[in-house]
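In case you want the letters, here they are:
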Amino acid sequence: MKSFRPTVLSFFAVAAVLCAPPARAADSSADEIVKRSLESFYYAGNDMRARVSMKLINVQGKAREREMTMLRLNLGKSGDQRYYIYFHAPADVKGTSFLVWKYPGKESDRWIYVPALKLVKRIAADDKRSSFVGSDFTYEDVSGRNVEDETHTVMRKEDLGGRPTYVVESKPKTVIDYSRRLSWIDSERWLPLKEEYFDARNEPLRTFTADKVEQIGKYWTATVRSMKNLQSGHRSEVVFRETEFDVGIKQDIFTERYLRDAPAQWVR
Amino acid sequence: MSKGDRAARNSFLAGPLAAFMLASAPAATAAEGVAWNGFVQSHVAARTSGEHCPDGTECDFPSAELRGQLETEGKNTAGNAGFLGRFDLLRDFTLDDTRFVTRELYGDLRSEKLAARLGRQVITWGMGDLLFINDTFPKDQVALFTGQPQQYLKLGSDALKLNAYPGPNLELVIAGFRPDNTPTSRRFVLADPLPVGLPRRAEEPGSDPNELEISGRVSGYLANWELAGYVSRTHYRSPAWRVTGSEIVGTYPRLNTAGASLTGPIGAGVVSVEAGYYDSPQDRDGHDPSVENSQFRGLVGYSRQTWEDATLGLQLYGEWMRDYVAYRETLPAGFPVKDRLRKVATIRFTQFFAHQTVTFNLFAFVGLSEKDRYVIPSLRYAFSDNLWAEIGANLFGGKRSGMFGSLQDNSNVYLTVRYAF
């Protein structure tokens, strides 16, 4: 018996070592984890409506605020999406609205409506890394990126704030403002709970956190989110209120007609 | 146009408007309530040229004003009725005048497939950036030349606008005449080939139903490209001056237009194409020098992001005069000669800084035919969500015979400060 225990222990030890890489692979591949995370974060439901408050806070603590209604529709399995964003405040931009037709494989189409001129203008869309309305979020942070834009590696599994997560490292395939990011992805709800972006010198650049996660209907969603620029000290906090999924938003809402004339059923 | 005419025309719209507002207002105020917003703004443009101001011209400060705007808006819960009003109270120090201006005031009724808007409303059509082909609605060139915020570049039309959405978007606009706000010698130093000393009078089209302006647009998508077709039965909005005996009379000749536009993505940018035909029914053979000859107009534009938070836009624009020989034969001595094809290029560069609190913008018209230019640089800083200030300039230059070059004694710098609430 005495000689047996070490054998058994060593068997388990060997098995543990041998099985370690397959065990990790069996959990989920990195691409699969990121794909599920993008689906949970950007594609939940067939459609979504939310009233969104955004605070842009500079390093002195001075805040600017944006109040928006956001509508989203998924177009079947293609991954194509439509976004509609209407600004309620501040007063100077009230009534301004954005329309985005997003395609996974190519640049989005984007329009802005300027209410004072009753002007609809198509905007050059090659700016997914540009700031969304002056915030620390980029257009891509708002409407999502493609799994294939980055290469992904699972670094480890780790608890974060009491939630089990995969820590995934993602490196963009083309040179953009960040060289890599680390994501803490909830391994049960698939939402990213935290992301750290690093610049070309591998210095921390921005940090995303999902500060509050709630279940709304069938879907887990981050209702409070923030993005902090660690180099400038500027940060942006977003609160999603009145979030609803599968409410039956029709595709024709996402056209010039409603860009000019906000759909009262949804924008309130 | 006499005061009586104006009152008659206003009453033409006032009756239906009142009924329309009554129809849309009670429901509108019921559930959603009425929102009030507004701003106070100071705007001063100071001329940079040392050229002497002629007597009676306040050209040293073509614009110096304090303005308050109140905006009210409401709609009912169902969203099928609403209204909007924008009113300015303006102290104009240049003309020593205080004015109340109804910028917009309209009521809306809408259903799933139809919408109607009646009242004073701004309408913007077409693809051009500060260049207009199929948008024949009233504009304010004085606001442009003195650096007013962009919302003042268009004037409201007193109109009934009907929309139907059977698939494509059909829009029909029936409007009373409203002239452009064009530069006059009250604020600007203008080269004037007409005889000096004669009294001037502009006659606006009256309230005769024949003078109503009717414009139509059909627009739709072809995949992610947008196509639109336009027609207008309208008037030129700047006066055609004619010496008649002891006075100079300005009229607004009739104008018919038809055109089309197309916009969509090419490469990493957006391309826009627009063309139109301007038919001058009061001068079909081109022999009346006071009335614009018929012409084709076209533009091609391309804009794209240059780097983060920066956009570059370019446009090429051309006007091709139909009866050029007739024009040359009848052009009176002393008037600058236009090319048959007048070409203008524009460039716009916009860059945001500091989380979009700082905006640098540069717009330039370059007269390729007339060898003149008009450059508008500006820098805006938003102190907070409510308060912003902008400094900028309107710089005219080049040959004085050109449209922009003729304004070169009016180059100015401006400062706008706005507090919005």
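If you're wondering where the values come from, they're calculated on a predicted model, not measured in any experiment.

Bringing the overall build of chain A into the picture now. Of the regular secondary structure elements, chain A holds four helices and 13 strands. Counting every position in chain A, which comprises 268 residues, the buried fraction comes to 37%. The long-range fraction of contacts in chain A, counting pairs at least 24 apart against all pairs at least 6 apart in sequence, stands at 42%.

What follows deals with the interface of chain A and chain B. Counting residues at the interface gives 30 residues for chain A, matched by 34 residues for chain B. At the level of secondary structure, the elements contributing two or more residues to the side of chain A that touches chain B comprise β2 (63–74), β6 (119–123) and α4 (256–260) of chain A. Residue composition of the side of chain A that touches chain B, grouped by class: eleven nonpolar, five polar and 14 charged.

Moving on, we get to the sheet that holds strand β8 (residues 200–203) of chain B. Residues and elements named next belong to chain B. Spatial ordering of the open sheet is given by β8-β12-β11, a layout of three strands whose pairing is mixed. At either margin of the open sheet sits one strand with a lone partner, and together these are β8 and β11 (240–244). Taken pair by pair, the neighbouring strands of this sheet meet at an average axis angle of 25°, ignoring direction. In the sheet, β8 pairs with strand β12 (residues 247–251) via four bridges, with the strands oriented parallel. Along β12, the bridge assignment pairs E203 with T251.

What follows concerns the environment of C59(B). Residue and element names in this part refer to chain B. Counting through the fold element by element, C59 comes out in the loop between β1 (34–47) and β2 (63–75). On the neighbour-count criterion, C59 (22 C-beta atoms within 10 Å) is buried. Contacts of C59, omitting those with residues within four sequence positions, involve R47, C53, R187, F188, V189 and N410.

As a further point, take the nonpolar core. Within the largest apolar cluster, 28 residues are counted, with the highest numbers of intra-cluster contacts made by Y84(A), I85(A), Y86(A), L99(A) and I253(A). Counting only elements with at least two residues in this core, the list comes to β1 (47–57), β2, β3 (81–89), β4 (97–102) and β5 (109–114) of chain A. Considering each element in turn, this core owes the most residues, five residues, to β3(A). In terms of nonpolar packing, the next biggest core, distinct from the first, is built from 15 residues, L299(B), V344(B), F404(B) and L407(B) among them.

For the rest of this paragraph, the subject is helix α2 (residues 30–42) of chain A. Residue and element names in this part refer to chain A. In this model α2 runs 18 Å from its N-terminal to its C-terminal C-alpha over 13 residues, within 8% of the 18 Å that 1.5 Å per residue would give. Burial in α2 covers these residues: A30, I33, V34 and S37. Looking down the long axis of α2, one finds its buried residues gathered within 95° of arc, a one-sided arrangement. Contacts made by the buried residues of α2 are with β7 (150–160), β8 (163–172), β9 (180–186) and β10 (192–198).

This paragraph deals with the pairing of strand β4 (residues 97–110) of chain B. Residues and elements named next belong to chain B. As paired strands, strand β3 (residues 81–92) and β4 are joined by twelve bridges and run antiparallel to one another. Residue L84 lies in a different strand from β4, and its bridge partner there is Y106. Relative to strand β5 (residues 114–121), β4 runs antiparallel, the two sharing six bridges. By the bridge assignment, Y106 is partnered in β5 with G119. Taking the residues that link successive antiparallel strands as the turn, the β4-β5 hairpin has three residues.

This paragraph deals with the environment of R373(B). You can see R373(B) is positioned in strand β19 (residues 372–382). When residues no more than four places from it in sequence are discounted, the contact partners of R373(B) are A364(B), F365(B), V366(B), G367(B), G397(B), G398(B) and F404(B).

Let us now look at the confidence of the model for chain B. Residues and elements named next belong to chain B. Averaged over every residue, the pLDDT of chain B is 91; the share at 70 or more is 92%. Taken together, the stretch residues 1–12 has pLDDT below 50 and engages in twelve contacts with residues farther than four places along the chain or on a different chain. A low-confidence stretch, residues 26–31 (pLDDT under 50), is modelled with 13 contacts involving residues beyond four sequence positions or located in other chains. Taken over the whole predicted complex, pTM reads 0.89, whereas the ipTM for its chain interfaces reads 0.89.

Turning to the pairing of strand β11 (residues 204–216) of chain A, a few remarks are in order. All names here are of chain A. As judged from the five bridges shared by β10 and β11, these two strands associate in the antiparallel manner. Looking at β11, one finds that K194 is bridged to T209. Between β10 and β11, which pair antiparallel in sequence order, lie five residues; one of them, N202, sits at a positive phi of approximately 65°. Taken together, the ten bridges between β11 and strand β12 (residues 219–229) define a ladder with antiparallel strand orientation. Of the residues in β12, the one forming a bridge with V213 is A222.

Procedures and definitions
- Residues numbered from 1 in each chain as written.
- Chains lettered and ligands numbered in written order.
- Predicted model: local features only at pLDDT ≥ 70, side-chain atom pairs only at ≥ 80, totals over all residues.
- Helix = DSSP H or I, 4+ residues; strand = E, 2+ residues; numbered from the N terminus.
- Buried ≥ 20, exposed ≤ 12 C-beta atoms within 10 Å, placed from the backbone.
- Contact = placed C-beta atoms within 7 Å.
- Nonpolar A, V, L, I, M, F, W, Y, C, P; charged D, E, K, R; others polar.
- Pairing = 2+ DSSP bridges.
- Axes fitted to C-alpha atoms, helices over the stretch in contact; angles between N-to-C directions.
- Core = buried A, V, L, I, M, F, W, Y, C linked by C-beta atoms within 7 Å.
- Expected span 1.5 Å × (residues − 1).
- Arc of directions from axis to C-beta.
- pLDDT = per-residue confidence, 0-100.

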